[in-house]
Amino acid sequence: MGGSPNPESLLALPGQAREAGVRKRTLVRSGLVTKDASVRPVILVVDDDPDILQSVRVLLSREGMEPHGASGPAAALKLLGEHSFDAVLLDLNFSRGATSGDEGLSCLQDILAHDPDAVVVVITGHSGINIAVSAMRAGASDFVTKPWSNERLATTVATAVELRRRRRQARAFQAENTALVQDAYQEAMLLGSCPAMSRLRGLIAKAGPTEANVLVLGEHGSGKELVARALHQASPRAPGPFIPVDLAALAEANFEAELFGQRGGGEDRPGRLAAAHGGTLFLDEVGHLPLALQVKLLSAIERRQVTPVGGDTPVPLNARIIAATNLPRPQLYSESVFRADLLYRLNTVELIVPPLRERGDDIVELARHYLKLYARRYGRPEKKPLSDAAGLALKADAWPGNVRALRHAMERAVILSEGASYAAEDFVLSRAPAPSRRSGFAAPTDDLNLERAEKAKIVQALQKHHYNVSHAARDLGLTRAALYRRMDKHGL
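Computed from a predicted model, the values in this text were never measured in an experiment. Residue positions within a chain follow its written sequence, with the count starting from 1. Restriction of local features to residues with pLDDT of at least 70 applies here, the model being predicted, together with a cutoff of 80 or more for giving and counting side-chain atom pairs; totals for whole chains, interfaces and linings are based on all residues. Where side-chain values are given, they derive from all heavy atoms of the structure, hydrogens and water being excluded.

Undergrad: Is there a simple way to explain the pattern of salt bridges in this structure?
TA: A side chain of one charge can pair with a side chain of the opposite charge when the charged atoms of the two come close. For this analysis, a salt bridge means a side-chain nitrogen from Lys or Arg found within 4 Å of a carboxyl oxygen belonging to Asp or Glu. A full pass over the atoms with the stated rule returns 17 salt bridges. Of the charged contacts in the structure, one is a salt bridge between Lys395 and Asp361, with a shortest N-O distance of 2.6 Å. A residue pair is termed long-range when its members are at least 10 positions apart, and Lys395 in helix H15 (residues 388-396) and Asp361 in the loop between strand S14 (349-352) and helix H14 (362-377) qualify at 34 residues. Asp361 gets classed as exposed once you look at its relative accessible area, which sits at 56%. Of the charged contacts in the structure, one is a salt bridge between Arg376 and Glu382, with a shortest N-O distance of 3.5 Å. Given a relative accessible area of 33%, Arg376 falls into the partly exposed group. Residue burial is assigned from relative accessible area. The probe radius is 1.4 Å, only protein chains are included, and a residue is buried under 20% of its type maximum, exposed over 50%, and partly exposed in between. Owing to a relative accessible area of 35%, Glu382 belongs among the partly exposed residues under this scheme. Taken together, the shared-partner salt bridges in this structure form one network comprising Glu162, Arg165 and Arg166. Counting from the N terminus, the helices are DSSP H or I runs at least four residues long and the strands are E runs at least two residues long.

Undergrad: I'm lost on the pairing of strand S4 (residues 120-125) in this one. Help?
TA: Remember that side chains alternate between the two faces of the sheet whenever the strand is regular. Where burial is concerned, most of S4 is hidden: six out of the six residues are buried. Residues of S4 alternate between two faces, with Val120, Val122 and Thr124 on one and Val121, Ile123 and Gly125 on the opposite face, all of them buried. Between any two strands, pairing holds if DSSP finds at least two bridges. Here strand S3 (residues 87-91) runs beside S4; their pairing, made up of four bridges, is parallel. Residue pairing for S4: Leu89 is matched across the bridge by Val121. We call a crossover right-handed when, viewed with the strands running away from us, the connection from the first strand over the helix to the second turns clockwise. Tracing the backbone out of S3, into helix H4 (residues 102-114) and back to the parallel element S4 gives a crossover that is right-handed. Sheet topology note: the S4/strand S5 (residues 142-146) ladder contains five bridges and is parallel.

Undergrad: What is the right way to look at the environment of Ala275 in this model?
TA: Within the fold, Ala275 resides in helix H10 (residues 272-275). Taking the relative accessible area as the measure of exposure, Ala275 reaches 36% and is therefore partly exposed. Counting along the chain gives 15 residues from Ala275 to Phe260, while the straight-line C-alpha distance between them is 9.6 Å.

Undergrad: Hey, could you run me through the packing of helix H3 (residues 73-82) against H4 in this one?
TA: A pair of packed helices is captured by two measures, namely the crossing angle of their axes and the spacing between those axes. Note on geometry: axes are lines fitted to C-alpha atoms, helical ones only across the stretch in contact, with angles between N-to-C directions running from 0 to 180 degrees. Packing of H3 against H4 brings their axes to within 10 Å, and their N-to-C directions diverge by 10 degrees. Here H3 is positioned roughly parallel relative to H4, judged by the angle of their axes. Contact residues: H3 offers Pro73, Leu77, Leu80 and Gly81, while H4 offers Cys107, Asp110, Ile111 and His114. For the contact of H3 with H4, a count of residues per class yields five nonpolar, two polar and one charged. What sets the label is the angle itself: under 35 degrees gives roughly parallel, over 145 gives roughly antiparallel, 65 to 115 gives roughly perpendicular, and the rest give oblique. Two residues qualify as a contact provided that any one of their heavy atoms is within 4.5 Å of a heavy atom in the partner residue. Residue polarity is assigned by list, with Asp, Glu, Lys and Arg as charged and Ala, Val, Leu, Ile, Met, Phe, Trp, Tyr, Cys and Pro as nonpolar; anything else, Gly included, falls into the polar class.

Undergrad: How should helix H7 (residues 195-207) be read in this particular structure?
TA: Since the α-helix advances by 3.6 residues per turn, residues separated by three or four positions end up pointing in the same direction. Here, expected helix span is obtained from the residue count minus one, scaled by 1.5 Å. Here H7 contains 13 residues, and its C-alpha end-to-end distance of 18 Å stays within 8% of the 18 Å for a straight helix at 1.5 Å per residue. For H7, the complete set of buried residues consists of Met197, Leu200, Ile204 and Ala207. Here the buried residues of H7 occupy an arc of 95 degrees about the axis, which is enough to place them on one side. Turned more than 90 degrees off the buried face of H7, the exposed positions are Pro195, Arg199, Ala205 and Lys206. Taking the helix axis as origin, the arc is that swept by the directions to the C-beta atoms.

Undergrad: Please explain the sheet that holds S3 as it appears in this structure.
TA: Within a beta sheet, neighbouring strands are joined by backbone hydrogen bonds and run either parallel or antiparallel to one another. With parallel pairing, five strands are arranged side by side in an open sheet as S2-S1-S3-S4-S5. Two strands lie at the open edges of the sheet, namely strand S2 (66-70) and S5, each paired on one side alone. Shown here is a sheet whose adjacent strand axes are inclined to one another by a mean of 20 degrees, direction ignored. Of the strands in this sheet, strand S1 (42-46), S2 and S3 touch H3, which is tilted by about 160 degrees from S1.

Undergrad: Would you explain the sheet that holds strand S6 (residues 214-217) in this entry?
TA: Taking strand neighbours across the sheet as the criterion, the five strands line up as S7-S10-S13-S6-S14 in an open arrangement whose pairing is parallel. Only two strands of the sheet have a single neighbouring strand rather than two, namely strand S7 (242-246) and S14. Each neighbouring strand pair of the sheet contributes to a mean axis angle of 20 degrees, computed without reference to strand direction. As defined by bridge partners, S6 adjoins strand S13 (residues 320-325) across four bridges and the pair is classed as parallel.

Undergrad: Help me understand the confidence of the model for the protein in this model?
TA: As a note on interpretation, predicted positions should not be read in detail where pLDDT is low. Residues at a pLDDT of 70 or more form 83% of the protein, whose mean pLDDT is 80. As a per-residue measure, pLDDT tells how confident the predictor is, with possible values from 0 to 100. Per-residue pLDDT, averaged within each element of the protein, yields its smallest value for helix H1 (residues 17-30) (43) and its largest for S6 (95). In this model, residues 183-188 is a region of pLDDT below 50 whose contacts with residues beyond four sequence positions or in other chains number 13 contacts. Counting interchain partners and residues more than four positions distant, the pLDDT-below-50 stretch residues 432-445 has 18 contacts.

Undergrad: Sorry, what's going on with H4 here?
TA: Taking 1.5 Å per residue, 13 residues should reach 18 Å; H4 reaches 18 Å between its end C-alpha atoms and fits that length. Residues of H4 that are buried include every one of Gly104, Leu105, Cys107, Leu108, Ile111 and Leu112, and no others. Projected onto a plane normal to the axis of H4, the buried residues spread over an arc of 160 degrees and lie on a single side. Exposed and facing more than 90 degrees away from the buried side of H4 are Asp102, Gln109 and Ala113. In this structure, the buried residues of H4 make contact with H3, S3, S4 and helix H5 (129-137).

Undergrad: So what exactly am I meant to see when it comes to the nonpolar core here?
TA: As a rule of thumb, soluble globular proteins bury nonpolar side chains together. The set of buried Ala, Val, Leu, Ile, Met, Phe, Trp, Tyr and Cys residues whose side-chain atoms join them within 4.5 Å is what this entry labels a nonpolar core. The biggest cluster of nonpolar side chains holds 32 residues, and the ones touching the most others in it are Leu247 and Leu281. Elements supplying a minimum of two residues to this core: S6, S7, helix H9 (255-260), strand S10 (280-284), helix H11 (291-303), S13 and helix H13 (340-346). The dominant element in this core, judged by the number of residues it contributes, is H11, at five residues. The contact partners of Leu247, leaving out residues within four places of it in the chain, are Phe255, Leu259, Leu283, Asp284, Glu285, Val286 and Leu289.

Undergrad: Looking at this structure, I do not really get the side chain of Asn326. What am I missing?
TA: With respect to the helices and strands, the residue Asn326 is situated in the loop between S13 and helix H12 (329-332). Within the structure, the side chain of Asn326 is placed 3.1 Å from the side chain of His288, a separation counted as a polar contact. Among all residues touching Asn326, those that are not within four sequence positions of it are Gly218, Glu219, His220, Lys224, Glu285, His288 and Arg480. Any pair of N or O atoms that falls within 3.5 Å is considered a polar contact. Within protein, one atom must be able to donate a hydrogen and the other to accept it, and sequence-neighbouring residues count only if both atoms are side-chain atoms.

Undergrad: How should a nonpolar patch on the surface be read in this particular structure?
TA: Within the patch definition used here, like charges are joined within 9 Å and nonpolar side chains (Val, Leu, Ile, Met, Phe, Trp, Tyr) within 5 Å, considering only residues with over 30% relative accessible area and no salt bridge. Here the Shrake-Rupley method, with its probe set to 1.4 Å, supplies the accessible areas, and only the displayed protein chains count as covering residues. Taken together, the side chains of Tyr378, Ile415 and Leu416 define a hydrophobic patch exposed on the protein surface, amounting to about 260 Å² of accessible area. Relative to the helices and strands, Leu416 resides in helix H16 (residues 402-416).

Here it is in structure tokens:
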């Protein structure tokens, strides 16, 4: 390492211990160095001068770090292959009389090839600033010049350690986010190979790349939103937003503000239609929209613009419309329920999602998929098999709640099952005997607990109406939104 360091950078005198201690406390307070000696930052110092190696070791040790020395690139790469380092302090010249920095730059490339997240601080003389700049361009995080001061060197290395920590944290977050995205993607996959699902996927492939509005029909829980998302992903608008709106959950008084936006009155917010600009707007449960509000929605779709509540300037509507409903077709085509002119605006293409009970072997395929998904999510054995008897029981069930009910049943089984394989008894199936007053969800006659009684009545209404939430809500004297809230409260 050509040249000599400042004498301050050699072995510190005993009287300098107080200064080093003050620097260490400052670094600890700043978060650059940990107080816990058991997790001291590990530093690799690469230099061919044994005296400088020793002086840097002493300095970094006093700063709460654990330094290791290497006399040259070969030794450094060997140590990097055997250990993990929080930072590397690298000289740029090793041969006698060398000043080009080529040896150090080559070693820097080898270090980064071994570990792209490595944080390397290079050391150069005042006359080698251009070389240091080259090193920074090649991937070094910082540099120190000779002669250096102890404080400058310690702070630079500590900053490098913090950068390494943040890189590791970012990598961990990235891995976690990737896993979560993959998990969400797998949960939202449009699975199944039965003839009806194959036809549906074929229609999605044809309609997806167009701008045509699509109406998706299907029972509650059958996967209508998954179809809408698949259409969005297959369209040129895929890079844009996908904005779902549950129209049944919107209060009539808030309908225009939620969909069209609001200006003034201390509140200025875009509506869902504006938020979907350049993407897709998914109008779920459109069949339950009151006739008076259907007129307003029709007007926005026809004019391709909306005027926010309290505003006077129209906002252009640039979104593809995909709507969905669980209303039976005869009811949907009744003028007393749904306006024909709005229907014709929405159903340029009409897709029907088959109920789960009609999908045959898809039921077992979906069950295995969700069992594996939730096993991974909850840290349970992913290869735990589904018994033949359980598979037959799942296929025989009516599944009034469709895929959503099956998904919840698989999650519950993963959490509660204790056997070596999933048995029929691990699943709560709708074809089991109706709950009596002394078992299941029904509350016994002498049980006055309101929570249990409410849950029992909700289950009774859902089963009576084959899990049609609108009909169950009407029977219970509730709005759909209120019933949904109670279902969430009771885990239904």
